[in-house]
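What follows is each chain in one-letter form.
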Amino acid sequence: MKEYVDAKCSVFTEYMQIPEELQGEFDSLCSEMHALGDKCTDYYQFEEMFVSSGLSDRYNELLTKCTPRAVKMTSEQKKAAVRMTKEQISVGDIVRDAAGIAVSELQQEAISMRRKKMIEDEVFDDYARTTNRIDDAARAGKFIFNKFRKK
């Protein structure tokens, strides 16, 4: 975990210019992050506790108070940045996906409610048997159709 916390702290030291008046706040934040990392067994546990403890908010707030350093990018990094920009998902795609998921969940809930109602009304067994017979007949029909079609 030490390497992971060091990497999170190095974002400030490598990519940001920390104002002198915020240096103490940065040191305190990194110390608390290391203490938290010592209590955690894996990345997921650390991230959950990082958010729930408020350290994540402090981390992000401190980031906004710092000035990014100018960094020279290699040609490969520039190409990768352009490629990632082109591949980003639009907000519209995200909204459509979320709406699709919500509709799917509502459909599943409706099916579940209908099934429960059929069980309560004691007609589910009849429904299941009838559905199975229809499926069996359809499969048999396809099998016979395919036998004659191949000749």
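This text goes with the structure placed above it.
Residues numbered from 1 in each chain as written. Predicted model: local features only at pLDDT ≥ 70, side-chain atom pairs only at ≥ 80, totals over all residues. Heavy atoms only, no water.

(A) Examining the state of the cysteines more closely. One pass over the structure, following the stated rule, counts 1 disulfide. Free cysteine: Cys 40, not disulfide-bonded; nearest cysteine sulfur from Cys 9 at 14 Å. Residue Cys 40 is classed as buried on the basis of its relative accessible area, which comes to 9%. Unpaired in terms of disulfides, Cys 66 finds its nearest cysteine sulfur in Cys 30, a separation of 11 Å. (Disulfide = S-S within 2.5 Å. Buried < 20%, exposed > 50% of the residue type's maximum accessible area, 1.4 Å probe, protein only.)

(B) Representation of the nonpolar core within the structure. Phe 12, Phe 26, Met 33, Phe 50 and Leu 62 are the most contacted members of the largest nonpolar core, which totals 18 residues. For this core, the elements supplying multiple residues, two or more each, are helix H1 (2–15), helix H2 (23–39), helix H3 (43–52) and helix H4 (55–65). Among residues more than four places away in sequence, those in contact with Met 33 are Val 5, Lys 8, Cys 9, Phe 46, Phe 50, Leu 55 and Tyr 59. (Core = buried A, V, L, I, M, F, W, Y, C linked by side-chain atoms within 4.5 Å. Helix = DSSP H or I, 4+ residues; strand = E, 2+ residues; numbered from the N terminus. Contact = heavy atoms within 4.5 Å.)

(C) Here's a closer look at the packing of H1 against H3. Contact geometry for H1 and H3: axes closest at 11 Å, N-to-C directions at 45°. Taken together, the axis directions place H1 and H3 in an arrangement best described as oblique. H1 and H3 meet at a crossing whose hand is right-handed. On the side of H1, the interface is formed by Tyr 4, Val 5 and Lys 8, while H3 contributes Tyr 43, Phe 46, Glu 47 and Phe 50. The residue inventory of the contact of H1 with H3, partitioned by class, reads 5 nonpolar, no polar and 2 charged. (Axes fitted to C-alpha atoms, helices over the stretch in contact; angles between N-to-C directions. Parallel < 35°, antiparallel > 145°, perpendicular 65-115°, else oblique. Left-handed = near helix turned anticlockwise from the far one by under 90°. Nonpolar A, V, L, I, M, F, W, Y, C, P; charged D, E, K, R; others polar.)

Worth remembering: the numbers are spatial, not functional.
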